[in-house]
Amino acid sequence: MTNISEDKIKNQLNPGEIVHLEDDLKIYNYLNLGPTHPATHGIFQNVLKMDGEVILDAEQTIGYIHRAFEKLAENRPFYQITPITDRMNYCSSPINNIGWQMTVEKLLGVKTTKRVDYMRVIIMELARISDHIICNSVIGVDTGALTGFLYIFQFREKIYEIYEQICGARLTTNIGRIGGFERDFNPTVISKIEEILKEFPKALIEFEKLLIRNRIFMDRTIGVGSISAERALEYGFTGPNLRAAGVDYDVRVMHPYSSYEDFDFILPLGTNGDTYDRFCVRQEEMVQSLKIIEQALKNLPEGDYHVDVPEFYLPPKDEVYTTIEGLIWHFKVVYGEINIPKGQVYHAVEGGNGELGFYLISDGGRQPYRLHFRRPCFIYYQAYPEMIKGSLLSDAIITMSSMNVIAGELDA
Amino acid sequence: MVDNNVLSDTISAQFGDDILSIEESYGMLDFIVNKDIIIDLLKWLKNHETLKFNFLTSLCGVHYPEKEDHELSVVYHLYSMYNNVRIRIHIFLPIAKPEVPTVTHLYPTANWMERETFEFFGVIFTGHPNLKIILNVEDMDYHPLLKQYPLVDNTRTDKDDKYFGR
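Rules used in this analysis
- Residues numbered from 1 in each chain as written.
- Chains lettered and ligands numbered in written order.
- Predicted model: local features only at pLDDT ≥ 70, side-chain atom pairs only at ≥ 80, totals over all residues.
- Heavy atoms only, no water.
- Helix = DSSP H or I, 4+ residues; strand = E, 2+ residues; numbered from the N terminus.
- Buried < 20%, exposed > 50% of the residue type's maximum accessible area, 1.4 Å probe, protein only.
- Contact = heavy atoms within 4.5 Å.
- Areas by Shrake-Rupley, 256 points an atom, 1.4 Å probe, with all protein chains shown as cover.
- Pairing = 2+ DSSP bridges.
- Salt bridge = Lys/Arg side-chain N within 4 Å of Asp/Glu carboxyl O.
- Domains from an automatic or database assignment.
- Buried area = accessible area lost by both parts, 1.4 Å probe.
- Polar contact = N/O pair within 3.5 Å; in protein donor to acceptor, adjacent residues only side chain to side chain.
- Nonpolar A, V, L, I, M, F, W, Y, C, P; charged D, E, K, R; others polar.
- Phe/Tyr/Trp six-rings, centres within 6.5 Å; stacked < 30°, edge-to-face > 60°.
- Lys NZ or Arg CZ within 6 Å of the ring centre and 35° of its normal.
- Core = buried A, V, L, I, M, F, W, Y, C linked by side-chain atoms within 4.5 Å.
- 1 Å grid on protein atoms, 1.4 Å probe; cavity = no way out; pocket = protein on both sides within 12 Å on 5 of 7 lines; lining within 4 Å.
- Points joined across faces, edges and corners; volume = space filled by probe spheres on them.
- Axes fitted to C-alpha atoms, helices over the stretch in contact; angles between N-to-C directions.
- pLDDT = per-residue confidence, 0-100.
- Lys, Arg positive; Asp, Glu negative; His and termini not counted.

**Some thoughts on the overall build of chain B**
Next up, step 1: In terms of helices and strands, chain B carries three helices and seven strands.
Next up, step 2: Secondary structure elements of chain B, listed N to C terminal, follow the sequence α-β-β-α-β-β-β-β-α-β.
Next up, step 3: In chain B, which comprises 166 residues, the proportion classed as buried is 53%.
Next up, step 4: Here the analysis covers contacts within chain B between residues at least 6 apart in sequence; of these, 50% occur between residues at least 24 apart.
Next up, step 5: As displayed, chain B offers around 8100 Å² of accessible surface, 49% of which is attributable to carbon and sulfur atoms.

**Examining the pairing of strand 2 (residues 45–51) of chain A**
All names here are of chain A.
Next up, step 1: Bridge analysis of strand 1 (residues 29–33) against strand 2 gives five bridges, and the strand direction is antiparallel. Within the sheet, the bridge partner assigned to Y30 lies in strand 2 and is K49.
Next up, step 2: Judged from the seven bridges that link them, strand 2 and strand 3 (residues 54–61) form a sheet pairing that is antiparallel. Considered in strand 3, the bridge of K49 is made with D57.

**Brief notes about the pattern of salt bridges**
Residue and element names in this part refer to chain A.
Next up, step 1: On inspection of all chains with the given rule, the structure shows 29 salt bridges over all chains.
Next up, step 2: E199 is the partner of K158 in a salt bridge, and the nearest nitrogen-oxygen pair spans 3.2 Å. Of the two residues, K158 is situated in helix 6 (residues 146–167) and E199 in helix 7 (residues 187–211); the sequence distance between them amounts to 41 residues.
Next up, step 3: In this structure, the salt-bridge partner of R231 is E386, at a minimum N-O distance of 2.9 Å.

**Notes on the domain arrangement of chain A**
Residue and element names in this part refer to chain A.
Next up, step 1: What the domain assignment reports for chain A is domain 1 (6–61) and domain 2 (69–411).
Next up, step 2: Summed over both partners, the interface of domain 1 with domain 2 comes to about 1500 Å²; 68% of that surface belongs to carbon and sulfur atoms.
Next up, step 3: A salt bridge links K389 to D57; its shortest N-O distance comes to 3.9 Å.
Next up, step 4: The interface formed by domain 1 and domain 2 holds six residue pairs in polar contact (both at pLDDT 80 or more) in total.
Next up, step 5: Residue assignment for the side of domain 1 that touches domain 2 shows that the elements contributing at least two residues are strand 1, strand 2 and strand 3.
Next up, step 6: Among the elements that make up the side of domain 1 that touches domain 2, the one with the highest residue count is strand 3 (six residues).
Next up, step 7: When its residues are assigned to classes, the side of domain 1 that touches domain 2 shows eleven nonpolar, four polar and two charged.

**Details of the packing of aromatic side chains**
Next up, step 1: Taken as a whole and assessed by the stated rule, the structure comprises 28 aromatic pairs over all chains.
Next up, step 2: For the ring pair A:F44 and A:Y381, a centre distance of 5.8 Å and an interplane angle of 55° mean the geometry is tilted. Placement of A:F44 in the loop between strand 1 and strand 2 and of A:Y381 in the loop between helix 15 (376–380) and helix 16 (384–388) is noted, with a sequence separation of 337 residues between them.
Next up, step 3: Residue classification places A:F44 among the buried residues on the basis of a relative accessible area of 1%.
Next up, step 4: Taking 6.4 Å as the distance between ring centres and 55° as the angle between the ring planes, the aromatic pair formed by A:F217 and A:Y276 counts as tilted. Here the residue A:F217 occupies a position in helix 8 (residues 215–221), and A:Y276 occupies one in helix 12 (residues 275–298), the gap between them amounting to 59 residues.
Next up, step 5: Residue A:F217 is classed as buried on the basis of its relative accessible area of 2%.
Next up, step 6: Three or more aromatic residues joined by ring pairs form one cluster here, namely A:F44, A:F378, A:Y381, A:Y384 and B:W112.
Next up, step 7: Positioned above the aromatic ring of A:Y28, the side-chain terminus of A:K49 is 4.7 Å from the ring centre.

**Examining the nonpolar core**
Within soluble globular proteins, side chains that are nonpolar generally end up buried alongside one another.
Next up, step 1: With 171 residues, the main nonpolar core has A:F200, A:F237, B:I11, B:L45, B:Y76, B:I87 and B:I89 as its most contacted residues.
Next up, step 2: Considering each element in turn, this core owes the most residues, 14 residues, to helix 5 (residues 114–142) of chain A.
Next up, step 3: Two domains each provide a minimum of three residues to this core, namely domain 1 (6–61) and domain 2 (69–411) of chain A.
Next up, step 4: Every residue in contact with A:F200, bar those within four places of it in the chain, is listed here: A:I129, A:I133, A:I152, A:F155, A:E195, A:M286 and A:L290.

**What to know about the layout of surface pockets**
Using a probe with the size of a water molecule, rolled over the atoms, empty space left in the structure can be pinpointed.
Next up, step 1: Quantified by volume, the largest pocket comes out at close to 850 Å³.
Next up, step 2: If you go around the largest pocket, you meet 32 residues; those closest to its centre are A:E59, A:Q60, B:W112, B:R115 and B:N130.
Next up, step 3: For the lining of the largest pocket, the secondary structure elements donating two or more residues are strand 2, strand 3 and helix 16 of chain A together with helix 3 (110–121) of chain B.
Next up, step 4: With five residues, strand 3 of chain A is the largest single contributor of residues to the lining of the largest pocket.
Next up, step 5: As for the second largest pocket, its lining consists of 26 residues, and the residues nearest its centre are A:K106, A:H255, A:P256, A:Y257 and A:H347.

**As for the packing of helix 4 (residues 93–108) of chain A against helix 5 of chain A**
Residues and elements named next belong to chain A.
Next up, step 1: Interaxial distance between helix 4 and helix 5 falls to 8 Å at its minimum, and their mutual angle equals 145°. Facing helix 4, whose interface residues are P94, I95, I98, Q101, M102 and E105, helix 5 presents R120, I123, M124, A127 and R128.
Next up, step 2: Here the contact of helix 4 with helix 5 is composed, by residue class, of seven nonpolar, one polar and three charged.

**Notes on the confidence of the model for chain A**
Next up, step 1: Scored by pLDDT, chain A has a mean of 88; 94% of the residues are at 70 or more.
Next up, step 2: Across chain A, element-level confidence peaks in helix 12 of chain A with a mean pLDDT of 93 and bottoms out in helix 1 (residues 6–12) of chain A with 53.

**As for the side chain of A:R282**
Residue and element names in this part refer to chain A.
Next up, step 1: Counting through the fold element by element, R282 comes out in helix 12.
Next up, step 2: Summary of buried charges: R282 has no salt-bridge partner, and the nearest side chain of opposite charge, D131, is 5.2 Å away.
Next up, step 3: For R282, the side chain forms a polar contact with the side chain of N241, separated by 3.3 Å.
Next up, step 4: Beyond its immediate chain neighbours, meaning those up to four positions away, R282 contacts H132, C135, N136, P240, N241, N353, S402, M403 and N404.

This is how it looks when you write it as C-alpha cells:
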C-alpha cells in the first residue's frame, strides 16, 4: 500500500491492519536556531519544525538575558530606575530614559518647559534614527549586502558622539534627569547635530539606492514575513511594524507628549506588512525624524534646561558646598528619601520599536510599589511563528531582523 | 467622540453593580470590577459599536499582601483606536484561589502577557493554550514578584565580602 497520508493512518486504520509506510510519509527535522546563532543578532532560540527547507512550525524560547527589571525597580529610588531602562532597548536607550522620566513627572504633576521638551525631542529623534539605522542596515546584511551596513554605521557613531557630549555615555546613556537635563546643550552638540542634518540625508539616499530598487533585495524581501493589519492589531503590534501593515497608529501623534504636537511630520505607511514594507517605513521615518530635529533645532526656545523639582533634581554644586539647604537636598535626593504621592499612572512613548509603556503604581513610599514595562518587542515577537510558517529558513532570518527584536527589551 | 464621562456612564449602565468603583486618575478611567464579569465586560467592550476597544495594550499583575482575600490583582489596559481613549480595568483575586479565565480568544496578544503574569504572580488563567513559565528557568516553583520574596537572598554565603558585606 503506497501513498498513504499521515492523517489516514491515524483515522482510518482498522485494528490489526498492516500497512507498509513508504515514501509519502514525511520525516520532519527539528532545527535548533540559536540561542547563539550569529544570524539572530541576539540571544534567541527557535526550535523550527522543518520539512526540507520549509518551516512548518516554530517554538520560541525567550528569557536568556532576563534580569528581573520589575523586581529591581521595586527596590530602588526613582532616579536609580533610569539606568535600568537603558538596558531594555539598548539601541535607542535615550527614548527609554526620557519615557521613564516623563512618567515620574506625570505622577508628580511637573510641567516641563518648552526648551526641555524640544531638547528631549531632538535626543529622542536622534535615538530613533540610530535604532532604525541598525535595523535597516542589518536587513541588508542578512540579505547579503554588507556595504550599506558599514557605510551608514558611521552616522550611528556620530549620534553616539552627541550623546557623549550631552551625558558622557554612549550606549547605556542614563541621559537627562527627572525635571530636565543635567546640563545644557553645548556648542559642540549643536554643531554636531547640524553636521548630521547636513550629511546624513545624502548618505541615507545613497544607502537607500543600494537596496530599495535592487532586484536581489526586492526578491528576498517582498512578500516575506508578511502580516495583515487585522492580525497585527490582534497581536498587539505597534510602531514601524504596525505601520508597515497599514495602520497609522503612532503614540507621538495620538497621545502627544513632550510637545510633539508642535512639529510637522508625516507617518509613512506600508500596505502588506512584509519585510520590504518594514524596511521602507523605517527608511522614511528616519527622513521624518531629521525633519523633526531640524524644526526643533530651528525653534529651540530660550529658557532653562530643567525645571525646579527640588525633590528629584540635584542642586548645583556651589550651593551644595556653601549652603545648608543645598547640602540637605543633595543628600535627600541621593539617598532617595522622598515620599512619592500615591497614585497610578500609565505613560507611553513611541520607542524605536513601538509603544513603550510604563505603568507605575505608587503607594506613597520611596520606591515604586509596582512598575510594569510594556515592552513592544515582547508583545509582537509572539507573532513570529505565524509570520514565518511556510517560508524558507533564510526568510525566517530576515523576518526576524526586520522585526527588530531587541533581546534586552524582549527579556527585560 | 467618546470621552471619559460617556464611557463611565455607558459601562456602568450596562454592568451596574458589578462595577465596584470608577475613578479617574491622570486622565485615564480606572475601573475595579467583579472578577466574574471580566470576560463579558471585555467582550462587550471589544464588540460595542461605538466604544470598540480593539487593542489590549498591556496586562499585568500586582500583589497586595495586606488586602485579605484580594491579594492579587490583574490589570488590563485597553485602548480604543477608533476613539483614541484608554481605560484601565482591575480585578482582584484571592491568593488561595488565583484563577481567572484567559482572554487569549479575544486578544491573541494576551498569550505571553498572561504567561508572564502566571510566572511572576502565580495567577492561573484557565483555558490558556500554553500556560507555562516564559522568562525564567522551567523548574522555578515560586513566583518571584510576590512581595514576600526579598530582592536579595540574605542566606547566601557565596557573595560575602570582607569590606562591603553583602
